[in-house]
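# Examining the three-dimensional arrangement
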Amino acid sequence: MKLARFSRLGFILAAAGSAVGLGNIWKFPYITGEYGGGAFVIVYLITVLLIGFSIMIAEMLIGYLGRRDTVSSFEELAPKHKNIWKFGGFQALAGLFIMIFYSVVIGWIFNYIVTSLTYLPASVKESQAVFTTMLHADFWTQLFYNTLSFGIITYVVHKGIKGGIEKLNFYLMPALMVILAGMFLYATTLGGFSKAVHFMFYPDFSKLTSQAFVVAVGHAFFTLSLGMGAIMTYAASLPKDANLVKSAFWVVFLDTTIAIVAGLMLFTFLYQYGSAPSQGPGLVFISLPAAFYQMGVLGNIFAVLFFVALAFAGLTSSVSLVEPMIQYFIDRFSWSRLKSSLAMGLFFWFLGIFAILSNIDGAKEYLTWGSKSFFDWVDYLTAAVMLPIGGLIMAVFVGFIIPESEVEKVMKPQLKWAYKPWYFSLRYITPLAMFVVMLSLMGVI
Ligand code: PFF
């Protein structure tokens, strides 16, 4: 089946839309807080440049050469061993699994948009109570908003690459950037800004644990949407004359800039209005609303705008998480786009119910294994295991399986002198790094 084509700008916006997500605005600030600030940021930036950028190009290349859904692209590019390599394409399943909790978190964000219009908690303690009540006791609100998020995402993807995904990103990405830029500029006028800069850029290497390295690599994958075929699927719809290196550069640049701008802005508000930076996953849901409360009515406006931006970031990532499997069923089983979109949507919506229940008092006891709830397991298994394995497969596939002449033909004119170092790093450095990260995340080393 022939894919509709992105425009060149459309592709960059959609790939950046995929990359810029809850990972940038929700996760990056709190892990920076947890792992000590500046030194962690430096390790993360180096990882993004050395490993993230080169895998991003490799993933784009597979899609660009394969031109089909992830499974078919792997088969097409490894004709001799297609029965083995096609499993590489099933990494697309990771996207559906991520959606199980991602959609629930987007639901929380919708809820916060609505409540922040009229209410903000007066203290961190009150804020904590509001959040935990929602999380542990309010099943119906979470289900309602998760259903809303399922509805929006399914509607957009059923409209297709051009009419749905490209259009969504075309409006939401600029809107997201304008909101963040406005709030960031305001933050620079506050006294807390210099403290935030110091926290994020002053490296205190004594705080850097080996765990921080691993978290930085894992997060580089998650935030750049690598290792599960999202970027690959989008690249299958690239125009023939597209420049992969330039596109990858823009995606990495936008993703990194937005993470840093969001981090600086958040920490400024937290320093200015009195919460500590290391607050864990509740940072934006607990500490931030309490900080906004101190600003009076302006705080309500800021809170709503902030959660709207966060919802936009989450939605543009969500469509890229489901699209690879949607494409797979359309391509391989001749399903209509509507049927495929609905089926994938219902999959994550239905399992999302269990993700919600796994935090609800009275039900969570049945949905917790070891020290982790179902919600936490899905998060952990996708980010810690599936994405690094996906990245490893892609590096090996481009480094060893696709004939070098084919790789060279496309990449050498684009990468020029950097071609050889890129190819070397893909073959040896990246696989080794990914392997170590995986073992370490799984607790083996
Ligand atoms: N990059 C997204 C984020 O930072 O929130 C999450 C994500 C999207 C991960 C798409 C993987 C993916 F394929």
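Here, the structure is the one placed above.
Just so we're clear, the structure is a prediction, and the values are computed from it rather than from any experiment. (Residues numbered from 1 in each chain as written. Predicted model: local features only at pLDDT ≥ 70, side-chain atom pairs only at ≥ 80, totals over all residues. Heavy atoms only, no water.)

Before going further, it helps to spend a moment on the pattern of salt bridges. Tallied over the entire structure, the rule returns eight salt bridges. The salt bridge involving D241 is made with R8; its shortest N-O contact spans 3.1 Å. Of this pair, D241 sits in the loop between α12 (230-235) and α13 (244-272) while R8 sits in helix α1 (residues 8-19); the two residues are 233 residues apart in sequence, bridging distant segments of the chain. Among the residues examined, D241 registers a relative accessible area of 53% and is labelled exposed. Look at R8 and you get partly exposed, because its relative accessible area is 46%. With a closest N to O distance of 4.0 Å, K412 and E408 form a salt bridge. With K412 and E408 both in helix α18 (residues 404-415) and four residues apart, the pair spans about one turn of that helix. Owing to a relative accessible area of 29%, E408 belongs among the partly exposed residues under this scheme. A network of salt bridges, in which partner residues are shared, links R68, E76 and D331. (Salt bridge = Lys/Arg side-chain N within 4 Å of Asp/Glu carboxyl O. Helix = DSSP H or I, 4+ residues; strand = E, 2+ residues; numbered from the N terminus. Buried < 20%, exposed > 50% of the residue type's maximum accessible area, 1.4 Å probe, protein only.)

The biggest cluster of nonpolar side chains holds 175 residues, and the ones touching the most others in it are F269, F285, F292, F306, M411 and W422. Take this core: its biggest share by element is 19 residues, from helix α15 (residues 297-333). Once residues lying within four places of it in the same chain are set aside, the contact partners of F285 are W26, V105, W108, I109, Y112, S127, F131 and F307. (Core = buried A, V, L, I, M, F, W, Y, C linked by side-chain atoms within 4.5 Å. Contact = heavy atoms within 4.5 Å.)

A few words on the site of the ligand. For the ligand, the set of nearby residues contains 15 residues, the closest of which are A19, G23, Y102, F222 and M228. One of the backbone nitrogen or oxygen atoms of L22 is found 3.0 Å away from an oxygen atom of the ligand. Between the ligand and the protein, one listed contact pairs a nitrogen atom with a backbone N or O atom of T223 at 3.2 Å. With the chains in place, 100% of the 340 Å² that the ligand exposes on its own is no longer accessible. (Near = heavy atom within 4 Å. Polar contact = N/O pair within 3.5 Å; in protein donor to acceptor, adjacent residues only side chain to side chain. Areas by Shrake-Rupley, 256 points an atom, 1.4 Å probe, with all protein chains shown as cover.)

Moving on, we get to empty space enclosed by the protein. Enumeration according to the criterion identifies one cavity of 30 Å³ or more in this entry. What the largest cavity holds in volume is close to 130 Å³. Sorting the residues of the lining of the largest cavity by element identifies α1, α2 (22-34), α6 (93-116), α11 (210-223) and α15 as the ones contributing at least two each. Of the residues assigned to the lining of the largest cavity, the class counts are eleven nonpolar, eight polar and no charged. (1 Å grid on protein atoms, 1.4 Å probe; cavity = no way out; pocket = protein on both sides within 12 Å on 5 of 7 lines; lining within 4 Å. Points joined across faces, edges and corners; volume = space filled by probe spheres on them. Nonpolar A, V, L, I, M, F, W, Y, C, P; charged D, E, K, R; others polar.)

Gaps left between atoms show up when a probe the size of a water molecule is rolled over them. The space that makes up the largest pocket amounts to roughly 800 Å³. Surrounding the largest pocket, 31 residues form its lining, K27, Y30, I31, P281 and D379 being those nearest its centre. When its residues are assigned to classes, the lining of the largest pocket shows 19 nonpolar, seven polar and five charged. A volume near 320 Å³ is recorded for the second largest pocket. F53, S54, A418, P421 and W422 are the residues nearest the centre of the second largest pocket, which is lined by 16 residues in total. Those elements giving two or more residues to the lining of the second largest pocket turn out to be α3 (38-66), α18 and α19 (419-441). Among the elements that make up the lining of the second largest pocket, the one with the highest residue count is α3 (six residues).

We now examine a nonpolar patch on the surface. Residues I42, I46, L49, L50 and F205 make up a contiguous nonpolar surface patch of about 500 Å² in total accessible area. Relative to the helices and strands, L49 resides in helix α3. (Patch = residues over 30% accessible without salt bridge, like charges linked within 9 Å, V, L, I, M, F, W, Y side chains within 5 Å.)

Time to look at the packing of α2 against α11. At a minimum axis separation of 11 Å, α2 and α11 run at an interaxial angle of 170°. Overall, the two elements α2 and α11 adopt an arrangement that is roughly antiparallel. On α11, the residues that touch G23, N24, K27, F28 and I31 of α2 are V215, H219, F222 and T223. Classifying every residue of the contact of α2 with α11 gives four nonpolar, four polar and one charged. (Axes fitted to C-alpha atoms, helices over the stretch in contact; angles between N-to-C directions. Parallel < 35°, antiparallel > 145°, perpendicular 65-115°, else oblique.)

This part takes up the packing of aromatic side chains. Counted under the stated rule, the structure contains 49 aromatic pairs. Relative to F397, the ring of W85 lies with its centre 5.0 Å away and its plane at 55°, an arrangement referred to as tilted. Of the two residues, W85 sits in helix α5 (residues 82-89) while F397 sits in helix α17 (residues 374-401), which places them 312 residues apart along the sequence. The residues W85 and F397 share a single accessibility class, namely buried. Just above the ring of Y64 sits the side chain of K240; from NZ or CZ to the centre is 5.2 Å. (Phe/Tyr/Trp six-rings, centres within 6.5 Å; stacked < 30°, edge-to-face > 60°. Lys NZ or Arg CZ within 6 Å of the ring centre and 35° of its normal.)

Residue position: I260 is located in helix α13. Overall, the relative accessible area of 15% leaves I260 in the buried class. Remark: the alpha-carbon pair of I260 and V41, spanning 219 residues in sequence, is separated by 9.0 Å. When residues no more than four places from it in sequence are discounted, the contact partners of I260 are F28, L45, M200 and F201.

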